[in-house]
Amino acid sequence: MKLKVRFFATFREIFRARETDVALTGDATVRDLLERICATPAQRGQVFEGGELKPYIIILKNGRHIQHLDGLATRLEDGDVVSIFPPLAGG
Amino acid sequence: MISPEECDRYERQMRLFGREGQERLKAAKVLVAGAGGLGSAACVYLAAAGIGTLRIVDEGAVERSNLNRQFLYGDEDIGRAKVEAAAARLERLNPDVRIEGLRRTIAEDTVLDLVGDCGLIVDAMDNFAGRHVLNDAAWAKGIPFIHGAVEGFYGQVTTFVPGRTACLRCLVPVAPPRRAFPVIGPLCGIVGSIEAAETVKYFTGASRLLENMLLMLDGVDCVIEEVPLRPAPDCRVCGRERTRR
Ligand SMILES: [Zn+2]
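Here's what I pulled together on the structure shown here. (Residues numbered from 1 in each chain as written. Chains lettered and ligands numbered in written order. Predicted model: local features only at pLDDT ≥ 70, side-chain atom pairs only at ≥ 80, totals over all residues. Heavy atoms only, no water.)

1. Section: the overall build of chain B
Argument step 1. Helix and strand content of chain B: nine helices and eight strands.
Argument step 2. In terms of overall dimensions, chain B is globule-like: its C-alpha atoms have a radius of gyration of 17 Å, near the 18 Å expected for 245 residues.
Argument step 3. Taken along its principal axes, the extent of the C-alpha atoms in chain B is 50 × 40 × 40 Å.
Argument step 4. Expressed as a percentage of the 245 residues in chain B, the buried residues total 59%.
Argument step 5. Accessible surface, chain B: about 10500 Å² in total, of which carbon and sulfur atoms supply 51%. (Helix = DSSP H or I, 4+ residues; strand = E, 2+ residues; numbered from the N terminus. Rg over C-alpha atoms; globule rule 2.2 N^0.38 Å. Buried < 20%, exposed > 50% of the residue type's maximum accessible area, 1.4 Å probe, protein only. Areas by Shrake-Rupley, 256 points an atom, 1.4 Å probe, with all protein chains shown as cover.)

Have a look at this one:
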């Protein structure tokens, strides 16, 4: 399956991309996708904490936060758009 | 009724939405939650546009480190209550607007009282705990909640409308801890200005709103991108209502 991953805010600097296309084999989950895109320890450190998702990171699958789906176990489908960014909190 | 002086003052915008639209702005009461960087831009444009009543809530006093972005204030305001300095500045800008400055903390036990009979909430907060409380109050009252946030060279803005869109808890389920954030003033200005534009559009019905659409501003590459949002069916604030419909 082919997915589109969109990075926003400081994740653009960390992943050195605004968006990227990722091909995964069937039955892939959000965890599989994140394992694929985190190529360096620095990138991994932004996303994972002890094998689990870092708290507060925002991951939307087609506009819906994965915390309202099945978290890292959320299944992905061909054509999905996954947006990833840290919360911007300031005002 | 709109006076001849008001017709003169608002002439350029009344070309867009007429006397009727201007009357609606005059009848409107808006809560601006926070009088910092976002609040500076939102308050100035809302007061200039002729919103009838602006209720501004902020617990803080002006600090020197605010002045790179919070242009409601000047050097002479350091130490003064923000809501007091803001009211003085905005009354000078447009004496027709009623300014209610409240030096209060927005919390679960105060928010409904602070929102009162305001017809819309502008999010100009600097933390998500406060934003969640405002989001829940907007849903309880059935009024729009314009969300904005900034950090570094980046910003985000969207319009939440009860019964029509996702809510802030769909997008940010857990509030990150409060901390000092880096930011440049112009990003606050852009996001706060878009929040003011959404408010004017809502009351006048002049144009579509940023419903279920998160705008992400990238001040490094100078681009603004759209991220479509979908409500979460299990969201504890907006979800139940949606399954009932
Ligand atoms: Zn919600």
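2. What to know about the sheet that holds strand β2 (residues 19–23) of chain A
Residue and element names in this part refer to chain A.
Argument step 1. One open sheet accounts for five strands, arranged β2-β1-β7-β5-β6; its pairing is mixed. Two strands lie at the open edges of the sheet, namely β2 and β6 (64–65), each paired on one side alone.
Argument step 2. Across two bridges, the pairing between strand β5 (residues 58–61) and β6 is antiparallel. Across the sheet, the residue bridging to L60 is H65, located in β6. (Pairing = 2+ DSSP bridges.)

3. Some words on helix α4 (residues 82–93) of chain B
Quick reminder: α-helices carry 3.6 residues per turn. Residues three or four places apart thus point the same way.
Residues and elements named next belong to chain B.
Argument step 1. With twelve residues, α4 extends 16 Å from end C-alpha to end C-alpha; this agrees with the ideal 16 Å at 1.5 Å per step.
Argument step 2. Listed as buried for α4 are K82, V83, A85, A86, A87 and L90.
Argument step 3. The inward-facing, buried residues of α4 contact α3 (37–49), β2 (53–57) and β3 (98–102). (Expected span 1.5 Å × (residues − 1). Contact = heavy atoms within 4.5 Å.)

4. Describing the packing of aromatic side chains
Argument step 1. Applying the stated criterion across every chain yields a total of five aromatic pairs over all chains.
Argument step 2. Taken together, a centroid distance of 4.5 Å and an interplanar angle of 10 degrees make the contact between F7(A) and F15(A) stacked. Accessibility assignment for this pair places F7(A) and F15(A) in one class, buried.
Argument step 3. Ring plane angle 75 degrees and centroid distance 5.0 Å describe the contact between Y202(B) and F203(B), whose orientation is recorded as edge-to-face.
Argument step 4. Taking relative accessible area as the criterion, Y202(B) reaches 32% and is therefore assigned partly exposed.
Argument step 5. Joined through ring pairs, the aromatic side chains of F7(A), F11(A) and F15(A) make up one cluster.
Argument step 6. Sitting over the ring of F128(B), R131(B) keeps its end group 4.8 Å from the ring centre. (Phe/Tyr/Trp six-rings, centres within 6.5 Å; stacked < 30°, edge-to-face > 60°. Lys NZ or Arg CZ within 6 Å of the ring centre and 35° of its normal.)

5. Re the coordination of the zinc ion
Residue and element names in this part refer to chain B.
Argument step 1. The protein atoms that coordinate the zinc ion are C167 (SG), C170 (SG), C235 (SG) and C238 (SG), at distances of 2.3 Å.
Argument step 2. With four donor atoms in place around the zinc ion and angles of 91 to 128 degrees between them, the coordination shape is tetrahedral.
Argument step 3. Of note, the donors binding the zinc ion are all from one chain and are spaced C-x2-C-x64-C-x2-C. In this pair, C170 sits in helix α7 (residues 168–171) while C238 sits in the loop between β8 (223–228) and α9 (239–244), placing the two residues 68 residues apart along the sequence. (Donors = N, O, S within 2.8 Å, 3.2 Å for Na, K, Ca; no water. Tetrahedral: all angles 85-135°; square planar, octahedral: opposite > 155°, others 65-115°.)

In short, geometric facts, not functional conclusions.
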